[in-house]
Amino acid sequence: MSRLPAGLARDLGRLTHDPLRYVLWAYPWGEEGTALADREGPEPWQRDVLEYVGEQLRAGVSPILVAVASGHGPGKSATMSWLRDWAMATCEDTRGIVTANTKTQLDTKTLPEMAKWHAM
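Note that the structure is a prediction, hence the values are computed from the model and not measured. Within any chain, residue numbers begin from 1 and follow the written order of that chain's sequence. The predicted origin of the model limits local features to residues at a pLDDT of at least 70 and limits the giving and counting of side-chain atom pairs to 80 or more, whereas totals for whole chains, interfaces and linings rest on all residues. Hydrogens and waters are ignored; side-chain quantities use all the structure's heavy atoms.

Some remarks on the packing of helix H3 (residues 44–58) against helix H4 (residues 76–90)
Interaxial angles span 0 to 180 degrees and are taken between N-to-C directions of axes, which are lines fitted to C-alpha atoms, for helices over the stretch in contact. Helix and strand definitions here come from DSSP, where helices need a minimum of 4 consecutive H or I residues and strands a minimum of 2 consecutive E residues; each element is numbered from the N-terminal end. At their nearest, the axes of H3 and H4 sit 10 Å apart, and the two run at 35° to each other. Read as a crossing pair, H3 and H4 show a hand that is right-handed. From H3, Trp45, Gln46, Val49, Leu50, Val53 and Leu57 reach across to H4, where they touch Lys76, Ala78, Thr79, Trp82, Leu83 and Trp86. The residue inventory of the contact of H3 with H4, partitioned by class, reads nine nonpolar, two polar and one charged. By definition, any crossing whose near helix is turned counterclockwise from its far helix by less than a right angle is left-handed, and any crossing with a clockwise turn is right-handed. By definition in these notes, contact holds between two residues if any of their heavy atoms fall within 4.5 Å. Each residue receives one of three labels: charged for Asp, Glu, Lys and Arg, nonpolar for Ala, Val, Leu, Ile, Met, Phe, Trp, Tyr, Cys and Pro, and polar for the others, Gly being one of them.

Side note on the nonpolar core
Residues enter a nonpolar core if they are buried and are Ala, Val, Leu, Ile, Met, Phe, Trp, Tyr or Cys, with the set joined through side-chain atoms within 4.5 Å. Each residue gets one of three labels from its accessible area relative to the maximum for its type: buried under 20%, exposed over 50%, partly exposed in between, using a 1.4 Å probe on protein chains only. The biggest cluster of nonpolar side chains holds 16 residues, and the ones touching the most others in it are Tyr22, Val23, Tyr27, Trp29, Trp82 and Trp117. When contributions to this core are tallied by element, the ones reaching two or more residues are helix H2 (19–26), H3 and H4. Counting residues per element, this core draws most heavily on H4, at five residues.

Some remarks on unusual backbone geometry
Residue Pro63 is reached from Ser62 by a cis peptide bond, and omega for that bond is -5°. Phi at Asp93 is positive, roughly 60°, even though this residue is not glycine. Positionally, Asp93 belongs in the loop between H4 and helix H5 (103–119). Assessed through its relative accessible area of 61%, Asp93 is described here as exposed.

Written out as structure tokens, the structure is:
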């Protein structure tokens, strides 16, 4: 039995196979007084990744493999944070492992980024 309010549980259930809709629903995009006040949502490439994951889920593909090659700062850790939050919020009994190239990168980049988005 869910401990969530009925409306919240229903909303989250509808987002199980739609990580992009979850990201647009869950974070305060465009809301004044927030860190996202001047943002309308994810960057186009991030939307593509989130849509791809949803498409693969709806098609029954498992595992879903995604690779993003880029330099520093385009939003890879943010995208990973959104996917983690979405999976934990919408998929019962979800578990996962977060990795990075080095422990320093994990401790100074990846985990702080995940904490930032989770707090929003």
